[in-house]
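Architecture at a glance
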Amino acid sequence: MSDERRAELAANLARVEDRIAAACKAAGRDRDEVTLIVITKTYPASDVRLLAELGVAHVGENRDQEAAPKAAECADLGLTWHFVGQLQTNKARHVAAYADYVHSVDRVRLVSPLSAGAVRDGRELGILLQVALDKEGAEPAGRGGVAPEGVAELAAAVAAAEGLRLDGLMTVAPLSGRYAGRQQEAFRRLMEISSGLRAAHPGASMVSAGMSADLEEAVAAGATHVRVGSAVLGVRPRLR
Ligand SMILES: *Cc1c(COP(=O)(O)O)cnc(C)c1O
(Lines give C-alpha, C1' and ligand atoms only; values in the text may rest on other atoms or scores of the structure.)
Protein backbone atom coordinates (compact mmCIF):
# COMPACT_ATOMS: atom_id res chain seq x y z
CA MET A 1 0.00 0.00 0.00
CA SER A 2 2.79 2.37 0.93
CA ASP A 3 4.65 1.40 -2.28
CA GLU A 4 1.54 2.13 -4.28
CA ARG A 5 1.06 5.46 -2.56
CA ARG A 6 4.70 6.33 -3.06
CA ALA A 7 4.40 5.64 -6.80
CA GLU A 8 1.25 7.76 -7.00
CA LEU A 9 2.86 10.67 -5.16
CA ALA A 10 6.02 10.38 -7.27
CA ALA A 11 3.99 10.53 -10.50
CA ASN A 12 1.92 13.48 -9.28
CA LEU A 13 5.03 15.33 -8.10
CA ALA A 14 6.70 14.77 -11.46
CA ARG A 15 3.66 16.26 -13.23
CA VAL A 16 3.62 19.29 -10.95
CA GLU A 17 7.37 19.72 -11.38
CA ASP A 18 6.90 19.64 -15.19
CA ARG A 19 4.18 22.30 -14.92
CA ILE A 20 6.37 24.58 -12.79
CA ALA A 21 9.36 24.10 -15.09
CA ALA A 22 7.24 24.85 -18.18
CA ALA A 23 5.72 27.93 -16.54
CA CYS A 24 9.18 29.22 -15.58
CA LYS A 25 10.44 28.63 -19.11
CA ALA A 26 7.45 30.42 -20.64
CA ALA A 27 8.03 33.38 -18.31
CA GLY A 28 11.79 33.49 -18.92
CA ARG A 29 12.46 32.69 -15.27
CA ASP A 30 14.94 30.26 -13.75
CA ARG A 31 13.34 27.20 -12.21
CA ASP A 32 15.08 27.92 -8.92
CA GLU A 33 13.24 31.22 -8.56
CA VAL A 34 10.11 29.26 -7.61
CA THR A 35 9.77 27.11 -4.48
CA LEU A 36 7.16 24.37 -4.34
CA ILE A 37 5.30 24.07 -1.05
CA VAL A 38 3.21 20.90 -0.91
CA ILE A 39 0.05 21.51 1.11
CA THR A 40 -0.56 18.30 3.05
CA LYS A 41 -3.76 19.25 4.93
CA THR A 42 -6.17 16.33 5.51
CA TYR A 43 -3.44 13.83 4.51
CA PRO A 44 -1.56 11.73 7.07
CA ALA A 45 1.97 12.08 8.39
CA SER A 46 2.85 8.93 6.42
CA ASP A 47 2.29 10.91 3.22
CA VAL A 48 4.51 13.71 4.51
CA ARG A 49 7.20 11.10 5.15
CA LEU A 50 6.89 9.73 1.60
CA LEU A 51 7.03 13.25 0.18
CA ALA A 52 10.21 13.95 2.12
CA GLU A 53 11.73 10.75 0.73
CA LEU A 54 10.76 11.95 -2.75
CA GLY A 55 12.70 15.18 -2.23
CA VAL A 56 10.02 17.59 -1.03
CA ALA A 57 11.54 20.12 1.38
CA HIS A 58 8.61 22.48 2.06
CA VAL A 59 5.20 21.45 3.34
CA GLY A 60 2.19 23.48 4.39
CA GLU A 61 -0.83 23.04 6.63
CA ASN A 62 -3.92 25.13 7.32
CA ARG A 63 -5.28 23.98 10.71
CA ASP A 64 -3.33 24.11 13.95
CA GLN A 65 -5.07 21.06 15.47
CA GLU A 66 -3.94 18.95 12.54
CA ALA A 67 -0.59 20.59 11.85
CA ALA A 68 0.89 20.43 15.35
CA PRO A 69 0.82 16.62 15.80
CA LYS A 70 1.83 16.04 12.17
CA ALA A 71 4.84 18.35 12.48
CA ALA A 72 5.78 16.58 15.73
CA GLU A 73 5.53 13.15 14.08
CA CYS A 74 7.71 14.38 11.21
CA ALA A 75 10.22 16.34 13.29
CA ASP A 76 13.08 14.06 12.21
CA LEU A 77 12.65 14.89 8.50
CA GLY A 78 14.19 18.36 8.49
CA LEU A 79 11.26 19.84 6.57
CA THR A 80 10.36 23.51 6.44
CA TRP A 81 6.79 24.00 7.72
CA HIS A 82 4.50 26.69 6.35
CA PHE A 83 1.23 27.60 8.05
CA VAL A 84 -1.20 28.87 5.40
CA GLY A 85 -4.62 28.75 7.08
CA GLN A 86 -6.76 31.35 8.75
CA LEU A 87 -5.33 31.96 12.16
CA GLN A 88 -7.28 32.52 15.36
CA THR A 89 -5.67 34.86 17.86
CA ASN A 90 -5.69 32.18 20.57
CA LYS A 91 -3.84 29.70 18.28
CA ALA A 92 -1.21 32.09 17.03
CA ARG A 93 1.16 31.54 19.93
CA HIS A 94 0.97 27.79 19.46
CA VAL A 95 1.65 27.87 15.71
CA ALA A 96 4.94 29.63 16.44
CA ALA A 97 6.17 26.41 18.09
CA TYR A 98 6.47 24.40 14.86
CA ALA A 99 5.92 26.69 11.87
CA ASP A 100 8.90 28.19 10.09
CA TYR A 101 6.66 30.52 8.08
CA VAL A 102 3.15 31.85 8.59
CA HIS A 103 1.58 32.99 5.30
CA SER A 104 -1.76 34.11 6.66
CA VAL A 105 -1.14 37.12 8.90
CA ASP A 106 -4.03 39.44 8.10
CA ARG A 107 -4.50 41.65 11.18
CA VAL A 108 -2.41 43.50 13.72
CA ARG A 109 -3.95 41.50 16.57
CA LEU A 110 -2.03 38.41 15.47
CA VAL A 111 1.35 40.09 15.76
CA SER A 112 1.78 40.06 19.50
CA PRO A 113 0.82 36.39 20.13
CA LEU A 114 3.02 35.25 17.22
CA SER A 115 5.89 37.33 18.54
CA ALA A 116 5.39 36.01 22.07
CA GLY A 117 5.42 32.42 20.81
CA ALA A 118 8.56 32.94 18.74
CA VAL A 119 10.40 34.65 21.61
CA ARG A 120 9.30 31.94 24.07
CA ASP A 121 10.77 29.25 21.82
CA GLY A 122 13.86 31.27 20.88
CA ARG A 123 12.90 31.11 17.21
CA GLU A 124 12.55 33.55 14.36
CA LEU A 125 9.32 33.19 12.44
CA GLY A 126 9.00 34.19 8.79
CA ILE A 127 5.84 36.21 8.26
CA LEU A 128 3.84 36.77 5.08
CA LEU A 129 0.87 39.10 5.00
CA GLN A 130 -2.21 37.57 3.41
CA VAL A 131 -3.71 40.10 1.01
CA ALA A 132 -7.40 39.92 0.09
CA LEU A 133 -7.49 41.46 -3.36
CA ASP A 134 -11.28 41.40 -3.34
CA LYS A 135 -11.31 43.78 -0.36
CA GLU A 136 -9.72 46.53 -2.44
CA GLY A 137 -11.61 49.82 -2.53
CA ALA A 138 -15.35 49.57 -2.12
CA GLU A 139 -15.72 45.91 -2.94
CA PRO A 140 -17.21 43.62 -0.35
CA ALA A 141 -15.05 41.62 2.00
CA GLY A 142 -14.32 38.06 0.93
CA ARG A 143 -12.23 35.41 2.63
CA GLY A 144 -9.44 36.15 5.09
CA GLY A 145 -6.82 38.69 4.24
CA VAL A 146 -5.88 42.32 4.72
CA ALA A 147 -7.14 44.83 2.16
CA PRO A 148 -4.33 46.21 -0.02
CA GLU A 149 -4.78 49.57 1.72
CA GLY A 150 -3.90 47.94 5.05
CA VAL A 151 -0.65 46.27 4.02
CA ALA A 152 1.72 49.10 5.00
CA GLU A 153 0.41 49.41 8.54
CA LEU A 154 0.41 45.66 9.13
CA ALA A 155 3.91 45.35 7.64
CA ALA A 156 5.22 48.00 10.03
CA ALA A 157 3.72 46.15 13.01
CA VAL A 158 5.33 42.85 11.96
CA ALA A 159 8.69 44.46 11.19
CA ALA A 160 8.77 46.03 14.65
CA ALA A 161 7.94 42.80 16.51
CA GLU A 162 10.61 40.75 18.23
CA GLY A 163 11.02 37.21 16.88
CA LEU A 164 9.21 37.97 13.62
CA ARG A 165 10.81 38.55 10.22
CA LEU A 166 8.69 40.24 7.56
CA ASP A 167 9.20 38.03 4.49
CA GLY A 168 6.52 39.03 1.99
CA LEU A 169 2.96 38.57 0.81
CA MET A 170 0.53 35.77 0.14
CA THR A 171 -2.79 35.66 -1.68
CA VAL A 172 -5.48 33.28 -2.84
CA ALA A 173 -7.03 34.24 -6.18
CA PRO A 174 -10.41 35.81 -5.33
CA LEU A 175 -13.61 33.98 -6.25
CA SER A 176 -15.62 37.19 -6.24
CA GLY A 177 -15.13 40.84 -7.09
CA ARG A 178 -13.29 42.33 -10.02
CA TYR A 179 -10.62 39.59 -10.09
CA ALA A 180 -12.99 36.63 -10.14
CA GLY A 181 -11.85 34.27 -12.89
CA ARG A 182 -8.92 36.59 -13.71
CA GLN A 183 -6.09 34.96 -11.80
CA GLN A 184 -3.31 36.43 -13.88
CA GLU A 185 -4.51 39.97 -13.25
CA ALA A 186 -5.01 39.22 -9.57
CA PHE A 187 -1.44 37.93 -9.26
CA ARG A 188 -0.09 40.92 -11.21
CA ARG A 189 -1.86 43.20 -8.73
CA LEU A 190 -0.24 41.28 -5.88
CA MET A 191 3.17 41.88 -7.51
CA GLU A 192 2.47 45.63 -7.60
CA ILE A 193 1.59 45.58 -3.92
CA SER A 194 4.77 43.56 -3.32
CA SER A 195 6.87 46.22 -5.08
CA GLY A 196 5.39 48.85 -2.79
CA LEU A 197 6.10 46.70 0.24
CA ARG A 198 9.70 46.07 -0.82
CA ALA A 199 10.32 49.80 -1.20
CA ALA A 200 9.83 50.10 2.56
CA HIS A 201 11.03 46.59 3.54
CA PRO A 202 13.62 45.36 1.00
CA GLY A 203 13.88 41.92 2.60
CA ALA A 204 10.18 41.15 2.19
CA SER A 205 10.61 39.53 -1.21
CA MET A 206 8.54 36.35 -0.92
CA VAL A 207 5.41 36.23 -3.05
CA SER A 208 3.26 33.21 -2.21
CA ALA A 209 0.61 32.71 -4.89
CA GLY A 210 -0.74 29.92 -7.07
CA MET A 211 -2.33 26.61 -6.16
CA SER A 212 -3.09 23.42 -8.12
CA ALA A 213 -5.46 25.17 -10.51
CA ASP A 214 -3.55 28.39 -11.17
CA LEU A 215 0.16 27.88 -10.52
CA GLU A 216 1.01 28.78 -14.14
CA GLU A 217 -0.64 32.21 -13.82
CA ALA A 218 1.18 32.82 -10.54
CA VAL A 219 4.59 31.86 -11.94
CA ALA A 220 3.94 34.07 -14.98
CA ALA A 221 3.17 37.02 -12.69
CA GLY A 222 6.32 36.50 -10.60
CA ALA A 223 5.39 34.28 -7.63
CA THR A 224 8.35 32.97 -5.65
CA HIS A 225 6.36 30.27 -3.81
CA VAL A 226 3.49 28.13 -5.10
CA ARG A 227 1.25 26.19 -2.69
CA VAL A 228 0.10 22.95 -4.28
CA GLY A 229 -2.15 20.43 -2.54
CA SER A 230 -4.55 18.33 -4.58
CA ALA A 231 -2.37 18.08 -7.70
CA VAL A 232 0.21 16.21 -5.59
CA LEU A 233 -1.84 14.37 -2.96
CA GLY A 234 -5.15 13.88 -4.75
CA VAL A 235 -8.53 15.50 -4.34
CA ARG A 236 -9.15 16.02 -0.63
CA PRO A 237 -12.01 14.31 1.15
CA ARG A 238 -14.71 16.83 2.02
CA LEU A 239 -13.44 19.21 4.70
CA ARG A 240 -14.74 18.43 8.13
C1 LIG B 1 -5.47 24.06 0.51
C2 LIG B 1 -4.70 25.28 0.20
C3 LIG B 1 -3.85 25.32 -0.91
C4 LIG B 1 -3.69 24.17 -1.89
O5 LIG B 1 -4.84 24.08 -2.68
P6 LIG B 1 -4.96 23.04 -3.88
O7 LIG B 1 -6.04 23.61 -4.72
O8 LIG B 1 -5.30 21.74 -3.28
O9 LIG B 1 -3.65 23.02 -4.58
C10 LIG B 1 -3.12 26.48 -1.11
N11 LIG B 1 -3.22 27.54 -0.28
C12 LIG B 1 -4.04 27.55 0.78
C13 LIG B 1 -4.11 28.76 1.64
C14 LIG B 1 -4.81 26.41 1.06
O15 LIG B 1 -5.62 26.41 2.12
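Computed from a predicted structure; not experimentally measured. (Residues numbered from 1 in each chain as written. Predicted model: local features only at pLDDT ≥ 70, side-chain atom pairs only at ≥ 80, totals over all residues. Heavy atoms only, no water.)

**A word on the packing of helix α1 (residues 2–27) against helix α2 (residues 45–53)**
With their axes 10 Å apart at the nearest point, α1 and α2 run at an angle of 55 degrees to one another. As judged from the angle between their axes, α1 and α2 are oblique. For α1 against α2, the interelement crossing comes out right-handed. On α2, the residues touching Ser2, Arg5, Arg6, Leu9 and Leu13 of α1 are Asp47, Leu50, Leu51 and Glu53. Grouping the constituent residues of the contact of α1 with α2 by class yields 4 nonpolar, 1 polar and 4 charged. (Axes fitted to C-alpha atoms, helices over the stretch in contact; angles between N-to-C directions. Helix = DSSP H or I, 4+ residues; strand = E, 2+ residues; numbered from the N terminus. Parallel < 35°, antiparallel > 145°, perpendicular 65-115°, else oblique. Left-handed = near helix turned anticlockwise from the far one by under 90°. Contact = heavy atoms within 4.5 Å. Nonpolar A, V, L, I, M, F, W, Y, C, P; charged D, E, K, R; others polar.)

**Some points on the site of the ligand**
The immediate surroundings of the ligand are formed by Ile39, Lys41, Val84, Met211, Ser212, Arg227, Val228, Gly229, Ser230 and Arg236. Protein contacts shield 88% of the accessible area of the ligand, which totals 380 Å² for the unbound molecule. Residue classes in the shell around the ligand are distributed as 4 nonpolar, 3 polar and 3 charged. (Near = heavy atom within 4 Å. Areas by Shrake-Rupley, 256 points an atom, 1.4 Å probe, with all protein chains shown as cover.)

**So, the UniProt feature "modified residue: N6-(pyridoxal phosphate)lysine" (unreviewed entry) in the chain**
The UniProt feature table records "modified residue: N6-(pyridoxal phosphate)lysine" (unreviewed entry) at Lys41. When you line up the elements, Lys41 lands in the loop between β1 (35–39) and α2. Here Lys41 is in contact with Gly60, Glu61, Asn62, Glu66, Lys70 and Arg236, once residues within four sequence places are set aside. (UniProt positions renumbered as here; feature names shortened; annotations may be inferred.)

**Here we look at the pattern of salt bridges**
Following the criterion strictly, the structure yields 17 salt bridges and no others. As a salt-bridge pair, Glu17 and Arg31 come within 2.7 Å of each other at their nearest N and O atoms. Of this pair, Glu17 sits in helix α1 while Arg31 sits in the loop between α1 and β1, and the two are 14 residues apart along the sequence. Take Glu17: its relative accessible area is 30%, and that puts it in the partly exposed class. With a relative accessible area of 28%, Arg31 lands in the partly exposed category. The residue Asp76 makes a salt bridge to Arg49 at a minimum N-O spacing of 2.9 Å. Residue Asp76 is found in the loop between α3 (64–73) and β3 (80–83), and its partner Arg49 is found in helix α2; the two are separated by 27 residues along the sequence. One connected set of salt bridges, linked through shared partners, spans Glu61, Arg63, Glu66 and Lys70. (Salt bridge = Lys/Arg side-chain N within 4 Å of Asp/Glu carboxyl O. Buried < 20%, exposed > 50% of the residue type's maximum accessible area, 1.4 Å probe, protein only.)

**So, the side chain of His58**
Examined against the element boundaries, His58 turns out to sit in strand β2 (residues 58–61). Filtering out sequence-adjacent residues up to four positions away, His58 remains in contact with Thr35, Leu36, Ile37, Val38, Thr80 and His82.

**Quick notes on helix α6 (residues 151–159)**
Restricting attention to buried positions, one finds in α6 the residues Val151, Leu154, Ala155 and Val158. Looking straight down α6, one finds its buried side chains confined to an arc of 100 degrees; they lie on one side. Every exposed residue of α6 that faces more than 90 degrees away from the buried side is listed here: Ala152 and Glu153. Turning to α6, the residues buried within the fold contact β4 (101–105), α5 (111–120), β5 (125–130), β6 (164–170) and α7 (183–200). (Arc of directions from axis to C-beta.)

**Brief notes about the environment of Arg188**
Following the sequence through the fold, Arg188 ends up in helix α7. C-alpha of Arg188 to C-alpha of Ala221: the two residues are 33 residues apart in sequence and 5.3 Å apart in space.

**A short note on the pairing of β4**
Most of β4 sits inside the fold, with 5 of its 5 residues counted as buried. Direction of pairing for β3 relative to β4: parallel, over a ladder of 2 bridges. Looking at the pairing, Phe83 lines up with Val102 of β4. The β-α-β motif built from β3, the intervening helix α4 (residues 89–95) and the parallel element β4 has right-handed crossover chirality. Across 3 bridges, β4 lies against β5 in parallel orientation. The partner of Val105 across the bridge, within β5, is Leu129. Between β4 and its parallel partner β5, the chain crosses via α5, and the hand of that crossover is right-handed. (Pairing = 2+ DSSP bridges. Right-handed = clockwise from strand over helix to strand, strands pointing away.)

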